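# Structure at a glance
Residue-level listing of the chains:
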Amino acid sequence: MSSILVIEDETSISQVLRAYLQKAGFEVTQIYEGNEAVETFDRGAFDLALIDVMLPGRDGWAVLEHIRNTSDCPCIMLTALGDVDYRLKGFDGGADDYIPKPFEGDEVVARVQAVLRRSGKTVSASEEEQYLKRFGSLVIDEKAYAVTLNGLQLDLTPRDLSLLIFLSNHPNQFFDREQLISHVWGIDYEGSDRAVDLAIKRIRRSLKNWPVEEGEIRTLRGVGYQLSVKEE
């Protein structure tokens, strides 16, 4: 089991990251302050660090610099600062990836998996297959955060992709809007549940060339939505 050090001072964000990473099978250690992060890193053995830029004590850049001076542990920077200069600063400082806030939890997991693979700290083939769903010509790779249809990658928004991934993990099961909002948008979402209908509409448009005999997204009026696929 890979061990992830999450260095994030906002408790709510840290808890979300922990939940998604633990669900994906990672061991997670949470730290909320830069100086403590350095001490914890030096005492432990971590496979990857997720580092927020704006930290009390040492900031994220200083934490990254310390890790780079003492270890080859992969690092992913998290920040609300979206300017390209900050991304370049992160890469120049030795960051392996950069994720701007707000982000999707599934995307963070996919980025973590990708960085671990590039660093040679891969999971087993059986674990890799766990995140690969095949429905005829439709292939959903949860780990790479990608969907292909007839060998061509589909261009989906992060939220739409998260919704499709969730449905693919529960094939032939109906979910109402409230359930989908909770699982995909998050319990803190305050927008309209019509966002689900619009997302389903966009996904269906992207899947227009998916043969109906292989599967489809079905609507059951008054119940919800389902990724209907042929049972093996």
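Residues numbered from 1 in each chain as written. Predicted model: local features only at pLDDT ≥ 70, side-chain atom pairs only at ≥ 80, totals over all residues. Heavy atoms only, no water.

## Focus: the overall build of the protein
A tally of helices and strands in the protein yields 9 helices and 11 strands. In the protein, once contacts between residues fewer than 6 apart in sequence are set aside, the share between residues at least 24 apart is 55%. Total accessible area on the protein is roughly 12100 Å²; 47% of this is exposed by carbon and sulfur atoms. (Helix = DSSP H or I, 4+ residues; strand = E, 2+ residues; numbered from the N terminus. Contact = heavy atoms within 4.5 Å. Areas by Shrake-Rupley, 256 points an atom, 1.4 Å probe, with all protein chains shown as cover.)

## Observations regarding the pattern of salt bridges
Applying the stated criterion across every chain, the model contains 9 salt bridges. In this structure, the salt-bridge partner of Arg177 is Asp197, at a minimum N-O distance of 2.9 Å. Residue Arg177 is found in helix α8 (residues 177-185), and its partner Asp197 is found in helix α9 (residues 194-206); the two are separated by 20 residues along the sequence. According to the relative accessible area criterion, Asp197 is buried, its value standing at 10%. In this structure, the salt-bridge partner of Arg194 is Asp197, at a minimum N-O distance of 2.7 Å. Of this pair, Arg194 and Asp197 are both found in helix α9, 3 residues apart, which corresponds to roughly one turn of the helix. (Salt bridge = Lys/Arg side-chain N within 4 Å of Asp/Glu carboxyl O. Buried < 20%, exposed > 50% of the residue type's maximum accessible area, 1.4 Å probe, protein only.)

## Here we look at the sheet that holds strand β9 (residues 152-153)
Read across the sheet, 4 strands follow the order β6-β7-β8-β9 without closing on themselves; strand pairing throughout is antiparallel. The sheet is open, and its two borders are formed by β6 (132-135) and β9, each paired with just one other strand. (Pairing = 2+ DSSP bridges.)

## Some words on the sheet that holds strand β1 (residues 3-7)
The sheet built from 5 strands is open, its strands ordered β2-β1-β3-β4-β5 with parallel pairing. Bordering the open sheet on either side are β2 (27-31) and β5 (97-100), each of which pairs with just one other strand. Neighbouring strand axes in the sheet, compared pairwise and without regard to direction, differ in orientation by 20 degrees on average. Alignment of strand β4 (residues 75-79) against β5, held across 4 bridges, turns out to be parallel. Within β5, the residue paired with Ile76 across the bridge is Asp97. (Axes fitted to C-alpha atoms, helices over the stretch in contact; angles between N-to-C directions.)

## Regarding the pairing of strand β10 (residues 215-220)
One ladder, built from 6 bridges, connects β10 with strand β11 (residues 224-229); its direction is antiparallel. Bridge assignment links Thr219 to a residue of β11, and that residue is Tyr225. A loop of 3 residues connects β10 with β11, the two strands running antiparallel in sequence, and Gly222 in this loop sits at a positive phi of about 85 degrees.

## Re the nonpolar core
Counting 31 residues, the largest nonpolar core has Leu138, Val147, Leu163, Leu167, Leu180, Trp185 and Trp210 as the members making the most contacts within it. Only β7 (138-141), β8 (146-149), α7 (158-168), α8, α9 and β11 provide two or more residues apiece to this core. At 6 residues, α7 tops the list of elements feeding residues into this core. In this structure, Ile31, Val38, Ala49 and Cys75 belong to the second largest nonpolar core, which totals 20 residues. (Core = buried A, V, L, I, M, F, W, Y, C linked by side-chain atoms within 4.5 Å.)

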